[in-house]
Every structure is written in C-alpha cells, then in structure tokens.
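Listed below are the residues making up each chain.
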Amino acid sequence: MSVGSTTTTARQDAKSAEEEEARQLRRTLGRADLKAVPETRRAVRELLRHWGDPGQSEIAELLTSELVTNALVHTDREAEITATVRPDGLRVEVRDYTGRRPEPRARPADDGTHGRGLFLVESLADAWGVSAPGPGDPGKVVWFELTGDAA
C-alpha cells in the first residue's frame, strides 16, 4: 500500500509542479519588434485569467506593456519577459541588454504620449525596481510586483 500511496503523492507533486510551471510566462522579444507588445499583453492576460480581480489584471497588462515597450524602443537588442504568479502576487521582469538605467521623469505633461511608462509603473505597482541580471551578465532587469491572491 505504501507504494500506491507514494505513487499518488508523486503524481500530485508532478501535477503541482506542472500547475506551478503553467503559472509562469517566459518570452524572448525580437529587436525593435513592437508587434510583440500586444502579443505579450494577451499572453499576460491569459496567464492572469484566474488571478486577482479584473482591475489588478488590467493594471498588470498595462504595466507589462509599458516595460516591454521601453525595452524595445530604447535599446537596440532583443528583450526577455518573465511573468510569475505566486501565492502572494505577481512579479513581472523585463530584461534588456543595455546597461543604461531608466529614470522616471517628472510627472509628464498632458500634451504627449512619451515619458509616461515609468511614471505609470511607479504610480500603480506595489513595488518596482531595476537590478542587474547576474554577475557578469550584460544589461538590466526592470521589474514590478503587484500583491494579491492567486486563484
């Protein structure tokens, strides 16, 4: 009987691992590929289909598209996105391959569409920041977190 019990536990563990894996989105975005912005937004929407309330999901989509757009517009390389749903919330990371750190501008004027991305991230995210991807790795990771319950 302990063998059957172990098999059931192993299957449950495998299923839990699969479910956890399904709660993460990873994508590489081509250099200057602005078509990747709405595609990534749709993928995040699908990832968050059972997470938080609709308002949180909409904020997550908006902030993700801002970070992805910044990475593709302000660099001359590809970018990578990782979005992870955890029990305590969501973390989205966008990695690019330039060392130039983003600086939020003062509150943008109402007469243009540029310069709002990091202001939105700073205003709407529960936490955000910029970090190095790892020792000796080029570029940076711009990330944000939203707290909430995973469903």
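Numbering of residues begins from 1 in every chain and follows the order in which that chain's sequence is written. In view of the model being predicted, local features appear only for residues whose pLDDT reaches at least 70, and side-chain atom pairs are presented and counted only at 80 or more, with totals across whole chains, interfaces and linings using the full set of residues. Side-chain metrics in this entry use all non-hydrogen atoms of the structure; hydrogen atoms and water are not considered.

Novice: Before we go on, may I ask you to explain the overall build of the protein chain in this structure?
Specialist: Within the protein chain, the regular secondary structure consists of four helices and five strands. When the helices and strands of the protein chain are listed from N to C terminus, the series reads α-β-α-α-β-β-α-β-β. Looking at the protein chain alone, contacts between residues at least 24 apart form 62% of all its contacts between residues at least 6 apart. All accessible areas in this document rest on Shrake-Rupley with a 1.4 Å probe, and a residue is counted as covered only by the protein chains that are shown. When the accessible surface of the protein chain is split by element, carbon and sulfur atoms take 50% of a total near 9200 Å². Under the DSSP-based scheme used, a helix requires at least four consecutive residues in state H or I and a strand at least two consecutive residues in state E, with every element numbered from the N terminus. Between two residues, a contact is recorded if the distance between any of their heavy atoms is within 4.5 Å.

Novice: How do you make sense of the nonpolar core when you look at a structure like this?
Specialist: Nonpolar side chains in soluble globular proteins tend to be buried together. Definition of nonpolar core: a set of buried residues of the types Ala, Val, Leu, Ile, Met, Phe, Trp, Tyr and Cys, connected through side-chain atoms within 4.5 Å. Think of it in three bands: with a 1.4 Å probe and only protein chains considered, a residue is buried below 20% of the maximum accessible area for its type, exposed above 50%, and partly exposed in between. Membership of the largest hydrophobic core comes to 29 residues, with the highest contact counts inside it found for Leu48, Leu90 and Phe144. Of all the elements in the fold, those that place two or more residues in this core are strand S1 (24-29), helix H2 (36-47), helix H3 (54-73), strand S2 (79-86), strand S3 (89-96), helix H4 (117-124) and strand S5 (140-147). Ranked by the residues each element gives to this core, the list is headed by H3, at six residues. Apart from the residues lying within four places of it in its own chain, the contact partners of Leu90 are Leu48, Trp51, Ala60, Thr84, Val85, Phe144, Glu145 and Leu146.

Novice: Hey, could you run me through the sheet that holds S5 in this one?
Specialist: Whether parallel or antiparallel, the strands of a sheet pair through hydrogen bonds between backbone atoms. Note on pairing: two strands pair once DSSP finds at least 2 bridges between them. Strand order across the open sheet formed by five strands is S1-S2-S3-S5-S4, with antiparallel pairing between neighbours. Of all strands in the sheet, those bounded by a partner on one side alone are S1 and strand S4 (127-131). Strand-to-strand, the axes of this sheet are offset by a mean angle of 10°, without reference to chain direction. Bridge analysis of S3 against S5 gives eight bridges, and the strand direction is antiparallel. Note that in S5 the partner of Val94 across the bridge is Val142. Note on geometry: axes are C-alpha line fits, over the in-contact stretch for helices, and angles between N-to-C directions span 0 to 180 degrees.

Novice: Is there a simple way to think about the packing of aromatic side chains in this case?
Specialist: Each aromatic ring pair is described using two quantities: the centre-to-centre distance and the angle formed by the ring planes. Aromatic pairing here means that ring centres of Phe, Tyr or Trp (its six-membered ring) are within 6.5 Å. Orientation follows from the plane angle: under 30 degrees is stacked, over 60 is edge-to-face, and everything else is tilted. Tallied over the entire structure, the rule returns zero aromatic pairs. Definition used: whenever NZ (Lys) or CZ (Arg) falls within 6 Å of the ring centre and also within 35 degrees of the ring normal, the charge is taken to sit over that ring. One residue, Arg91, lies across the ring of Trp143, its end atom 4.2 Å from the ring centre.

Novice: Can you walk me through the environment of Ser123 in this structure?
Specialist: Looking at the element boundaries, Ser123 is found in helix H4. A distance of 2.8 Å separates a polar atom in the side chain of Ser123 from the backbone oxygen of Phe119. Any pair of nitrogen or oxygen atoms within 3.5 Å is treated as a polar contact; in protein, a donor-acceptor pairing is required on top of that, and neighbouring residues in sequence qualify only through side-chain atoms on both sides.

Novice: Hey, could you run me through the side chain of Lys140 in this one?
Specialist: Its location among the elements puts Lys140 in strand S5. We classify Lys140 as buried; its relative accessible area is 6%. At a separation of 2.9 Å, a polar atom in the side chain of Lys140 contacts the side chain of Asp96. Of note is the side chain of Lys140, whose polar atom sits 2.8 Å from the backbone oxygen of Arg100. Setting aside chain neighbours within four positions, we find Lys140 in contact with Val94, Arg95, Asp96, Thr98, Arg100, Arg101, Pro102, Val130, Ser131 and Pro133.

Novice: For this particular structure, what's the right way to read the side chain of Gln56?
Specialist: The topology assignment puts Gln56 in helix H3. With sequence-adjacent residues up to four places away left out, Gln56 is seen in contact with Trp51, Leu146, Thr147 and Gly148.

Novice: Is there a simple way to explain the pattern of salt bridges in this structure?
Specialist: Where charged atoms from two side chains of opposite charge come close, those side chains can pair. Should a side-chain nitrogen of Lys or Arg be within 4 Å of a carboxyl oxygen of Asp or Glu, the pair is scored as a salt bridge. Enumeration over the complete set of coordinates arrives at eight salt bridges. Measuring nitrogen to oxygen at the nearest pair gives 2.9 Å for the salt bridge that ties Lys140 to Asp96. With Lys140 in strand S5 and Asp96 in strand S3, this pair connects stretches of sequence that are 44 residues apart.

Novice: Help me out: how do you make sense of the confidence of the model for the protein chain in this one?
Specialist: Do not read the predicted coordinates in detail wherever pLDDT is low. Residue-level confidence of the predictor is what pLDDT reports, using numbers from 0 through 100. When the pLDDT values of the protein chain are averaged, the result is 81; 75% of them are 70 or greater. This model gives residues 1-8 a pLDDT under 50, and the stretch forms zero contacts once residues within four places in sequence are excluded.

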